[in-house]
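A structural walkthrough
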Amino acid sequence: MNLRNILLASTCAAIAGPAIADVNIYTTRQPELIQPVMDAFTAETGIGVNLSFVDDGIVERLRAEGTRSPADLVMTVDIANLMQIVDAGVVQPVESDVLTSAIPAELRSDDNLWFGLTTRARVVYASKERVADGEVTTYEDLADERWAGRICSRSGLNNYNLALLSAVIAHKGEDGAREWAAGLRENLARRPEGNDRAQVRAIWAGECDISLTNTYYMGQMVNDPEQQAWAESVRIIFPTFEDGGTHVNVSGVAMTTSAPNRDEALQLMEFLVSPAAQQIYAETNYEYPVLEGAALSDLVASWGEFTPDDVDLNELASHRPASVRIMEEGNFDGYSRR
Ligand code: FE
């Protein structure tokens, strides 16, 4: 084929070839946190992305829409939400060497049904004034009586705390986890209430000295004029398990069973683990990239380095029912200080 024919052939393909479809995403994440990385994808590939923000009930919506669903991908946070989608049977496996080589095995589904894109650590926020350096270094410490009346926590049945307790089970077994949860409960300064940031506000207000809070909330508080003072009253400590690292969870992506635009959706999934996309996505959300070597934002890097726990999230998910049982039987949320 001479040059003229090649040009002709490619021109014809561009005109007559199938139109490039947009990728449709259902997401529980705030659209403004996702838009920058999608804009980068569109700039690189010419493929558009439509984001539908679904606050609650993604599973119900996908089930109701069935094979007619316009959604190609679901993006959400926390292993519990990812497993809910998997268990409902509304997602399909995706075979991709790009995804499996970029994402560590402990941060994606054994069956290729979901893929972690960023991680967040569940760490200790400690009062700069009332907690000394080195005073808390392990999750086990939090159950020690020297913390009596000094810890603030949100509900024990919140996904973030259930995942942490599942990690405790992975390290210490169910009996060890029950004991740990009971010790933590004994150390609470008040009945569990509010979200992660409300615990930091309570430290700022002097109600308690430490809380369990996800890392990215520091970024959100620093950038919110009303919450800056809360952020400034604490520092982040990365506790580890005595025989492990710091507990992490993921934000992730999965492909729907119906996925009308499968090829484009796969292209987007693979783009999301590229170095450039990993940096943009992690930075906008104050999270950690899953891709080794991808750059951290300066703010996130300023919190210090840590070793993530290597408990597999697939295992973590399997301990969730036991975690719910322990929190309920121990009446974690019913605590009141005597
Ligand atoms: Fe959160």
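What counts, and where the lines are drawn
- Residues numbered from 1 in each chain as written.
- Predicted model: local features only at pLDDT ≥ 70, side-chain atom pairs only at ≥ 80, totals over all residues.
- Heavy atoms only, no water.
- Helix = DSSP H or I, 4+ residues; strand = E, 2+ residues; numbered from the N terminus.
- Contact = heavy atoms within 4.5 Å.
- Phe/Tyr/Trp six-rings, centres within 6.5 Å; stacked < 30°, edge-to-face > 60°.
- Buried < 20%, exposed > 50% of the residue type's maximum accessible area, 1.4 Å probe, protein only.
- Polar contact = N/O pair within 3.5 Å; in protein donor to acceptor, adjacent residues only side chain to side chain.
- pLDDT = per-residue confidence, 0-100.
- 1 Å grid on protein atoms, 1.4 Å probe; cavity = no way out; pocket = protein on both sides within 12 Å on 5 of 7 lines; lining within 4 Å.
- Points joined across faces, edges and corners; volume = space filled by probe spheres on them.
- Nonpolar A, V, L, I, M, F, W, Y, C, P; charged D, E, K, R; others polar.
- Domains from an automatic or database assignment.

Along the chain, the position of Val-23 falls in strand 1 (residues 23-27). The spacing of Val-23 and Thr-137 is 114 residues in sequence and 44 Å in space, taken between C-alpha atoms. Apart from the residues lying within four places of it in its own chain, the contact partners of Val-23 are Ile-47, Gly-48, Val-49, Asn-50, Asp-72, Leu-73, Glu-264, Ala-265 and Leu-268.

Tallied over the full model, the rule gives five aromatic pairs. Seen from their ring centres, Tyr-139 and Phe-241 are 4.6 Å apart, and the 35 degrees between their planes marks the pair as tilted. Of the two residues, Tyr-139 sits in the loop between strand 5 (115-127) and strand 6 (151-152) while Phe-241 sits in the loop between strand 8 (234-237) and strand 9 (248-256), which places them 102 residues apart along the sequence. For Phe-241, a relative accessible area of 1% translates into the label buried. Relative to Phe-306, the ring of Tyr-288 lies with its centre 5.0 Å away and its plane at 75 degrees, an arrangement referred to as edge-to-face. One end of the pair, Tyr-288, is in strand 10 (residues 288-289); the other, Phe-306, is in the loop between helix 12 (298-302) and helix 13 (313-318), with 18 residues separating them in the sequence. An aromatic cluster is present here, built from Phe-238, Tyr-288 and Phe-306 joined pairwise through their rings.

The next thing to look at is the side chain of Glu-140. Mapped onto the fold, Glu-140 is located in the loop between strand 5 and strand 6. Judged by its relative accessible area of 12%, Glu-140 is buried. One polar contact links Glu-140 to Lys-172, side chain to side chain, over a distance of 3.0 Å. In this structure, Glu-140 is in contact with Lys-172, Trp-180, Thr-240, Phe-241 and Glu-242, ignoring residues within four places of it in sequence.

The next thing to look at is the confidence of the model for the chain. Model confidence for the chain is summarised by a mean pLDDT of 94, while 94% of its residues fall at 70 or above. In this model, residues 1-16 is a region of pLDDT below 50 whose contacts with residues beyond four sequence positions or in other chains number two contacts.

Turning next to the layout of surface pockets. Roughly 660 Å³ of internal volume is contained in the largest pocket. Along the wall of the largest pocket there are 29 residues; nearest its centre are Thr-28, Arg-29, Asp-55, Val-77 and Tyr-160. Mapped onto the lining of the largest pocket, the elements with two or more residues apiece are helix 3 (58-65), strand 3 (73-77), helix 4 (79-87), helix 7 (196-204), helix 8 (216-222) and helix 11 (275-285). Broken down by class, the residue content of the lining of the largest pocket amounts to 11 nonpolar, 10 polar and eight charged. When residues are assigned to domains, the lining of the largest pocket turns out to be shared by domain 1 (20-119 + 249-294) and domain 2 (120-247 + 307-334), each giving three or more.

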